[in-house]
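Structural characterization, general
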Amino acid sequence: MYFPTNYVWSMAVVASLNNGGLIDEIDRACKPVLEASRNGDDAGTDLLYASWEAVANRLIREAEADEAAGRRITAGDKFYRASLYTSQAERLQSPKWEGRNAAYQKSIDLLFKHIELAGAPVRKIEIPFEGSSMPGYFYQAESLDGRPTPVVIQWNGLDSTKEMMYYSQFPQELARRGISTLMVDTPGSGEALRLRGLKSRFDTEVWAAACVDLIESAAASGDIAVDPERIGLVGWSLGGYYAPRAAAFEKRIKQVVAWGANHNWGEVQHGRVNREGENPVPHYWDHVMWVWGADTKEEFLATADKVTLNGVVEHITVPFLITHGIGDRQINVKYAEQSYEQAVNSPKRQLRIFDESEGGTEHISIDNMLPVAGYIADWVQETFAEQA
C-alpha cells in the first residue's frame, strides 16, 4: 500500500514491482502524487499518468542514447520498463480521457522496441473474429522433445492487456517448459477494446473457437510450430470466468486454468453498488459500461447477471486448476470454492489457495506473482504430459 488510502493506485505499484519495475523509478513516479492519492480513486488519475510518464520518458531518452551507442541489451531493458510504467498508468485512466488511446499505443510501441532489441521470439498475430479480428502476441517456445510444442491461450480480465501478459513473465515461464503461448486481447480488453471498439460478451466459447481455429490453421500451414491437439487456456481475474466458461463448451481445449476465480461476477457487481470489496480500476462504472457496451448502470447490471458459472462448470470435462489468494479484496475466496465444488465432471480438478505464509494472497496473487506463475506453468506442463 504505497498509497495508504488508495488500493487501486497501490495495486499499480505492486503490479509494476512484480513485473520487472525498479523500486527507485517507481518511487520517483509515485512520490509527486502521494498527496493527490488521498482524494480517492478517481480524482487525479491524469496527474498520476503525467508523473509516471515523466519517468518513462527519461528512460526512453536514455534507451535511445544507449541504442545509438550499440548498448542493445541495456536499451532493451529500459524500453521494457518505460512500456511497463506507461501501461500501468494508462490502465488507471478514465475511458473518457482523450489521451488514452495514444498512451496505450505508446506502451505497445515501447514493448516492441524491447522485443526487437532483446530478440524475444514474439510476434503480432491476428485472430479472425466476426468480421474483425482479435489482436494477439504469439510466443514460440523451443521444443524440448523434437515435437511441435503444446500451446496455451492466455486471456485477460476486465482491465488488463496482452502487454501485461508479457510483463507477467508467464509466457516466458511456459517457454522454459517447452510450451508456446498465444496472448489475446479478447473483446472488451486491451487493443480489441481501445483501438477496435470490440465489446465483451458472456458466451466466451465463441472467442475460444476463433482462437482454436487460428491455431489449427496456422499449425497446418507451418506458420507456427505447435500441436493443435494440445491446447490449454488460462484466464486471470475476470478471465477466471471467461476461461472456464469457454472450456465448458469448446471441447478442443484440453485443460483450463482460472488464475483467480470469478464464479459469479454478476453477484459481485451488485455488491459493488453497495461498495462491497475493492474496485480494480478508478472510474469503475464508466469502465465496466465501456467494456460491455452498456449505456446505463442498470443495463450493465442486467448484462452482468449473465456472467456466472452456476450451471456451467459442470460441463467442464478436462483438467481444471483454480488458483486464488486467500486475502483477495476484489473477489472473495468463496467464489474459488464454488467453482471447485461444482466442477464435478473434470477428471482432474484442483483448487490452490495461496495464504499469508507464502504470499500471493491478493487479487490474482499480484503481490507475489512470479512464483504463482511458475506454479501454474508446472501444473500446465505436468497435465500436458499426463495427456500425451
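These numbers come from a predicted model, not from an experiment. (Residues numbered from 1 in each chain as written. Predicted model: local features only at pLDDT ≥ 70, side-chain atom pairs only at ≥ 80, totals over all residues. Heavy atoms only, no water.)

1. Looking at the pairing of strand 8 (residues 349–354)
With 6 bridges joining them, strand 7 (residues 320–325) and strand 8 adopt parallel strand pairing. By the bridge assignment for strand 8, His 324 is matched with Ile 353. Between the parallel elements strand 7 and strand 8, the chain passes through helix 14 (residues 334–342) in a crossover that is right-handed. (Pairing = 2+ DSSP bridges. Helix = DSSP H or I, 4+ residues; strand = E, 2+ residues; numbered from the N terminus. Right-handed = clockwise from strand over helix to strand, strands pointing away.)

2. Structural notes on the packing of helix 4 (residues 72–91) against helix 5 (residues 100–118)
At a minimum axis separation of 8 Å, helix 4 and helix 5 run at an interaxial angle of 155°. With respect to helix 5, the axis of helix 4 lies roughly antiparallel. As helix 4 runs across helix 5, the sense of the crossing is left-handed. Where helix 4 approaches helix 5, its residues Arg 72, Ala 75, Gly 76, Asp 77, Phe 79, Tyr 80, Ala 82, Ser 83, Thr 86, Ser 87, Glu 90 and Arg 91 are matched on the opposing element by Arg 100, Ala 103, Tyr 104, Lys 106, Ser 107, Leu 110, Leu 111, Lys 113, His 114, Glu 116 and Leu 117. The class makeup of the residues in the contact of helix 4 with helix 5 is 9 nonpolar, 6 polar and 8 charged. (Axes fitted to C-alpha atoms, helices over the stretch in contact; angles between N-to-C directions. Parallel < 35°, antiparallel > 145°, perpendicular 65-115°, else oblique. Left-handed = near helix turned anticlockwise from the far one by under 90°. Contact = heavy atoms within 4.5 Å. Nonpolar A, V, L, I, M, F, W, Y, C, P; charged D, E, K, R; others polar.)

3. So, unusual backbone geometry
Of note, the phi angle at Glu 130 is positive, near 50°, even though the residue is not glycine. By the element assignment, Glu 130 lies in the loop between strand 1 (122–129) and strand 2 (132–139). Owing to a relative accessible area of 58%, Glu 130 belongs among the exposed residues under this scheme. (Buried < 20%, exposed > 50% of the residue type's maximum accessible area, 1.4 Å probe, protein only.)

4. So, the nonpolar core
One finds Trp 9, Trp 52, Tyr 166, Phe 170, Trp 259, Ile 376 and Val 380 to be the most contacted residues of the largest nonpolar core, which totals 68 residues. What Trp 259 contacts, discounting residues up to four positions off in sequence, is Gln 154, Phe 170, Val 234, Gly 235, Trp 236, Ser 237, Thr 323, Ile 364, Met 369, Val 372, Ala 373 and Ile 376. (Core = buried A, V, L, I, M, F, W, Y, C linked by side-chain atoms within 4.5 Å.)

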